[in-house]
Amino acid sequence: MTQRRDKSTLAPMDVTDLDRHGAARLPALLSPDQCAAIVALWDDPRAFRKEVVMARHGYGSGRYRYCAYPLPDPVAALRDSLYPVLAAQANRWAAMLGTGDIYPARHADFLARCALAGQDKPTPLLLRYEAGDWNALHQDVYGPHIFPLQVAILLSQPERDFTGGAFVLTEQRPRMQSRPEVVPLRQGDAVIFPVRDRPVTGARGVHRVQMRHGVSRLLSGVRYTLGIIFHDAA
Ligand SMILES: O=C(O)CCC(=O)C(=O)O
Ligand SMILES: [Fe+2]
């Protein structure tokens, strides 16, 4: 599948936004047709390994389905093409934090590392929300191996397909109150954000802030998102 923009490079502003605000938007990563093709996967049971009904677990309200391996073509293409850019950013953050973590240039090599630790189940997921549904603030950690950045792509068109349902991040600042960040998305836009935490440079050097993401209540309609997580699950 061809995407509308070259994802091998992110505009410098995107990286600046990640460092300054903890999230960066990739406008029009997918066309409306590409979004529709991914939404259509929802009804194909071969595409998925598991469904989660969020209310049963206290995760909010709505449903999501984890893709099965082999990933559906458009999902595999997105995961492969986004990874190298995010790995460069992940390595920069690891260096800032002095963790010693090194993320390999090839996604396959990172997945091999996950698999050795028993994390071999695919984590890309399709989420579906109806009026009244929401997604509790959370972190998508599935085992000790964590790739620190993830991507969510809005597949539905705000105001036409749904209202409400904003993508929300919170940043838990040490010994301070949390900071909310709302990322306005149009259909086909992606948001890049930290899975668990990120480095922030303060007066006394670099410290870690915890991040959580979620979705505010849908007021009407139906909203689909594709979530791309780069570590596999145990
Ligand atoms: O539906 C959304 O915008 C958020 C989805 C999500 O939690 C994820 O992609 O990990
Ligand atoms: Fe999530």
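Numbering of residues starts from 1 in every chain and runs along the sequence as written. As they are written, the chains are lettered A onward and the ligands numbered 1 onward, keeping that order. Given that the model is predicted, a residue must reach a pLDDT of at least 70 before its local features are reported, and side-chain atom pairs must reach 80 or more before they are shown or counted; all residues, however, enter totals for whole chains, interfaces and linings. With hydrogens and water set aside, each side-chain value is computed from the structure's full complement of heavy atoms.

**Concerning the overall build of the protein**
Each helix and strand in the protein was counted, giving 4 helices and 14 strands. Its C-alpha atoms give the protein a radius of gyration of 17 Å, near enough to 17 Å, the size a compact globule of 234 residues would have. With respect to the principal axes defined by its C-alpha atoms, the protein has extents near 50 × 40 × 35 Å. Remark: exposure states derive from per-residue accessible area (1.4 Å probe, protein chains only) relative to the maximum for the residue type, with buried under 20%, exposed over 50%, and partly exposed in between. Buried residues in the protein amount to 50% of all 234 residues. Secondary structure elements follow DSSP: runs of H or I of four or more residues count as helices, runs of E of two or more count as strands, with numbering from the N terminus. This radius of gyration counts C-alpha atoms alone. The globule rule is 2.2 Å times how many residues there are, raised to the power 0.38.

**Quick word on the layout of surface pockets**
Each pocket or cavity is described by its volume, and for the largest pocket that value is around 490 Å³. Whether a set of points on the 1 Å grid over the protein atoms alone is a cavity depends on a 1.4 Å probe fitting there but being unable to get out, while an open set qualifies as a pocket with protein on both sides within 12 Å along at least five of seven lines; lining residues are those with an atom within 4 Å of a point. Surrounding the largest pocket, 32 residues form its lining, Tyr 64, Tyr 66, His 138, Asp 140 and Tyr 142 being those nearest its centre. Listing elements by their share of the lining of the largest pocket, those giving two or more residues are strand E2 (48–53), strand E4 (63–67), strand E5 (125–130), strand E6 (134–138), strand E7 (149–154), strand E13 (205–215) and strand E14 (218–228). The element best represented in the lining of the largest pocket is E6, accounting for 4 residues. Considered class by class, the residues forming the lining of the largest pocket number 19 nonpolar, 8 polar and 5 charged. Space inside the second largest pocket adds up to approximately 330 Å³. Looking at the second largest pocket, it is lined by 17 residues, and the ones nearest its centre are Asp 101, Tyr 103, Ile 146, Pro 148 and Arg 196. The set of elements that each furnish at least two residues to the lining of the second largest pocket consists of helix H3 (73–97) and helix H4 (107–116). Just so you know the grouping, Ala, Val, Leu, Ile, Met, Phe, Trp, Tyr, Cys and Pro go in nonpolar, Asp, Glu, Lys and Arg go in charged, and all remaining residues, Gly too, go in polar. Its residues assigned to classes, the lining of the second largest pocket shows 10 nonpolar, 2 polar and 5 charged. Grid points are joined across faces, edges and corners, and a volume is the space filled by probe spheres set on the points.

**Things to note about unusual backbone geometry**
Following Tyr 69, the chain continues to Pro 70 via a peptide bond in cis, the omega torsion being -10°. A positive phi angle, close to 50°, is found at Ala 28, a residue other than glycine. Its location among the elements puts Ala 28 in the loop between strand E1 (24–26) and helix H2 (32–39). Accessibility expressed as a relative area gives 27% for Ala 28, which makes it partly exposed. Despite not being glycine, Glu 159 has its phi angle at roughly 75°, a positive value. Here Glu 159 is to be found in the loop between E7 and strand E8 (162–164).

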